[in-house]
Each structure stands twice: as C-alpha cells, then as structure tokens.
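Examination of the molecular architecture
These are the residues of each chain, in order.
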Amino acid sequence: MPQILDGIRVRDEIKAELKPRIAALAAKSRAPGLAVVLVGNDPASQVYVRNKIKTCEDLGIRSESLRPPESVTTEELLAIIDTLNARDDMDGILVQVPLPPRVDAKRVLLAIDPAKDVDGFHPMNVGNLVAGLPGPRSCTPAGIMELLKRYGIPVAGKRAVVVGRSVNVGKPAAMLLLHENATVTICHSRTVDLAAVCREGEILVAALGRPAMITGEFIRPGAVVIDVGQTRVTDRALAARIFSRDRNDPDKMAAFDKRGFVWMGDVDPIDVVEKASAYTPVTGGVGPLTIAMLMTNTVAAAERRAGLC
Ligand code: GUN
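Residues numbered from 1 in each chain as written. Predicted model: local features only at pLDDT ≥ 70, side-chain atom pairs only at ≥ 80, totals over all residues. Heavy atoms only, no water.

1. Describing the sheet that holds strand β3 (residues 62–66)
- The strand order β3-β2-β4 describes an open sheet built from three strands, whose pairing is parallel. Edge positions in the sheet fall to β3 and β4 (92–95), since each has one partner strand and no second. Each adjacent strand pair in this sheet contributes to an overall mean axis angle of 15 degrees, direction not counted.
- Both strand β2 (residues 33–37) and β3 contribute to a ladder of five bridges, which runs parallel. From the neighbouring strand, valine 36 faces β3, where its bridge partner is serine 65. (Pairing = 2+ DSSP bridges. Helix = DSSP H or I, 4+ residues; strand = E, 2+ residues; numbered from the N terminus. Axes fitted to C-alpha atoms, helices over the stretch in contact; angles between N-to-C directions.)

Structure representation (structure tokens):
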C-alpha cells in the first residue's frame, strides 16, 4: 500500500508552530490581523471564508470579514482595499476569488499593498517568487512544498510534472519545485500525449480541476502523486463509474446517495493506490494546507511589520 500524505496532520503541526509566534507578537504589540473580503453569496466561497475565519479564531489571529454585495463596483472595492491598506491593525488582506465578472479583478488584486498580500497573488510577489526573493508565496503551492518537506520526500534532481498552468497554483508550484532543484515540466489540456508526459513524473502534481481525469496510465509506477483538485461531483453516473471500483470503500456511493454529492480530486482515487508510492487523499490532503499557509503568511506579514524578522 502506498503512503498516505496526511494534510490534516501537517496542518495541525503548522498551526502548533504558529501559536508561539502569535503569542510573541501579541506580547510585543498586538496579535496579527487578517481582513477577508467576500463579495456576494457564492456558497463555495462562503464555506472557504468561514473555514479561514474559524482557523484565525483557533489561533488567536484577529480577523475581520467584509461582505460587499454582488452588485459592488470595481471603484467601491478599490476604496475598501485603500482603507485596509492604510489600517495599521490589519497585517493581511485577502480578497476571495472568483469575483463577479463585472468587477475588474486584476485592478482589485493589484491595489492590495504587496506587504499585506497574504495570498501571494500580487504581481510583485509573483515576481519575488520567480526571482527567489522573500515574500508571501501562493498558499496551495507553498502547502505542497511543506507536505513534501515534512514527509522527507526528496525533490532535488527529481523529475516533477505539474499538470495545470493556473497563475495561483500550477505556475507557482512549478517555480517552487524548480527552486528546490527538481527538473520541472508544466503541462496542460493542450499538451500532446498528456499521459506520456505525466508518466515521466517522479513527482506528479495534478491541478487541472477535472475530476478523476488522471488515471493509471498517467502515473509512473512509484510516483509521489499530489492531487490539488477538489470538485464537488453531483453527477451520480460519474461518481458510480469511479467509486464502484473501490473495493476498500463500498460505502462511498451510499454516502453520495445520502448527501447528493461526493468530493473528487483530479486523480482517479482507485488507480492512484495501485500505482503511486505516496499520494494525497481527497479530502484531507492538500486542502487543509492552503489555510495553514494563509495563516503562516499572515503571521509572517505581521512579524515583518512589527520588525520581528
Ligand atoms: N478562492 C479559492 N481559493 C482561494 C485562495 O486561496 N485565495 C483567495 N483569495 N481566493 C480563493
């Protein structure tokens, strides 16, 4: 059986390590502060934001949630960002994406003070990443690197294949793997013979957002497989096609029928067990690390602003 890379365990380790840093900040001046801007009522975004705020509460990070309506204009959002940039008690600013299509998301993200950009989405911080300069790193890719490090999985000299080229996950994940001296390939939906390219990966990072698309023929035997995808699948036929092959978890379809959906990663959950040497499950793999790294970025921003590092 392959090793399961447990994101919940690593998240809890990271949270435990943050606590004394937060206590030191509180003793020196004040606890770190995070402002979260959530536009409208998208149910998935509401769940993500609720989890972020709850994690802040667990850790003693002060959080403030701003909830402009779906009808908010770009100018109004820019005014909110300006106010948060100027506030001394807020160390981090997070604008939950996606924003409504009417809003100019690029202008909004560009307006965030790069020192408070705890998502690592600002072009200046993307530039810092490429240049190998300090600065907040995009949370999901940073979480993947923490997971590899804490499980002692060697990266230097390895062939790493990243499937997906998004600005927030695929590209920064490739850059972080490169900085750790992996030989990195980025591939995507237009790559010719995607399966053959993926099979070169001793480390395979799947970040396409297509449920169970990475099947056994994409996975090199013995690969370390990192599954970033997490799709809420409501199509019973798709869920049944994947999970009816799972002899270890016959209750999965019963759970589907009870809840009306199942979470599915980008990697076929049955094939990965047969082929990989280690893999992240969905759920409980990469997902919990994204918030842990958001907390880490918030604490680091507060430490820099307090002159502690
Ligand atoms: N939407 C989905 N994931 C994220 C994230 O990590 N940060 C922000 N700002 N929005 C998101």
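2. Remarks on the sheet that holds strand β6 (residues 183–187)
- The strand order across the open sheet built from six strands is β1-β11-β8-β7-β5-β6, with neighbouring strands paired in parallel fashion. A single partner strand is all that each edge strand has here, and the edge strands are β1 (3–4) and β6.
- The pairing of strand β8 (residues 224–227) with strand β11 (residues 278–279) spans two bridges and is classified as parallel. Bridge pairing links valine 225 to tyrosine 279 in β11.

3. Observations concerning the site of the ligand
- All residues adjacent to the ligand are Lys52, Leu94, Val95, Gln96, Val97, Asp119 and Phe121.
- In this structure, a nitrogen atom belonging to the ligand sits 3.0 Å away from a side-chain N or O atom of glutamine 96.
- Protein coverage of the free-state accessible area of the ligand, which is 280 Å², stands at 78%.
- Of the residues belonging to the shell around the ligand, the class tally is four nonpolar, one polar and two charged. (Near = heavy atom within 4 Å. Polar contact = N/O pair within 3.5 Å; in protein donor to acceptor, adjacent residues only side chain to side chain. Areas by Shrake-Rupley, 256 points an atom, 1.4 Å probe, with all protein chains shown as cover. Nonpolar A, V, L, I, M, F, W, Y, C, P; charged D, E, K, R; others polar.)

4. A look at helix α12 (residues 287–305)
- Given a rise of 1.5 Å per residue, 19 residues ought to cover 27 Å, and the 28 Å separating the end C-alpha atoms of α12 matches this to within 8%.
- Counted residue by residue, α12 has 15 buried out of 19 residues, so it is predominantly covered.
- Residue glycine 307 follows α12 closely and has a positive phi angle near 70 degrees. (Expected span 1.5 Å × (residues − 1). Buried < 20%, exposed > 50% of the residue type's maximum accessible area, 1.4 Å probe, protein only.)

5. Details of the pattern of salt bridges
- In this structure the tally under the stated criterion is 17 salt bridges.
- Here glutamate 13 and arginine 150 are joined by a salt bridge, their closest N and O atoms 2.9 Å apart. Taken together, the positions of glutamate 13 in helix α1 (residues 7–28) and arginine 150 in helix α6 (residues 139–150) put the pair 137 residues apart, joining distant regions of the chain.
- A relative accessible area of 27% places glutamate 13 in the partly exposed class.
- Residue arginine 150 is classed as partly exposed on the basis of its relative accessible area of 26%.
- A salt bridge links aspartate 89 to arginine 87; its shortest N-O distance comes to 3.0 Å.
- With relative accessibility at 25%, the residue aspartate 89 sits in the partly exposed group. (Salt bridge = Lys/Arg side-chain N within 4 Å of Asp/Glu carboxyl O.)

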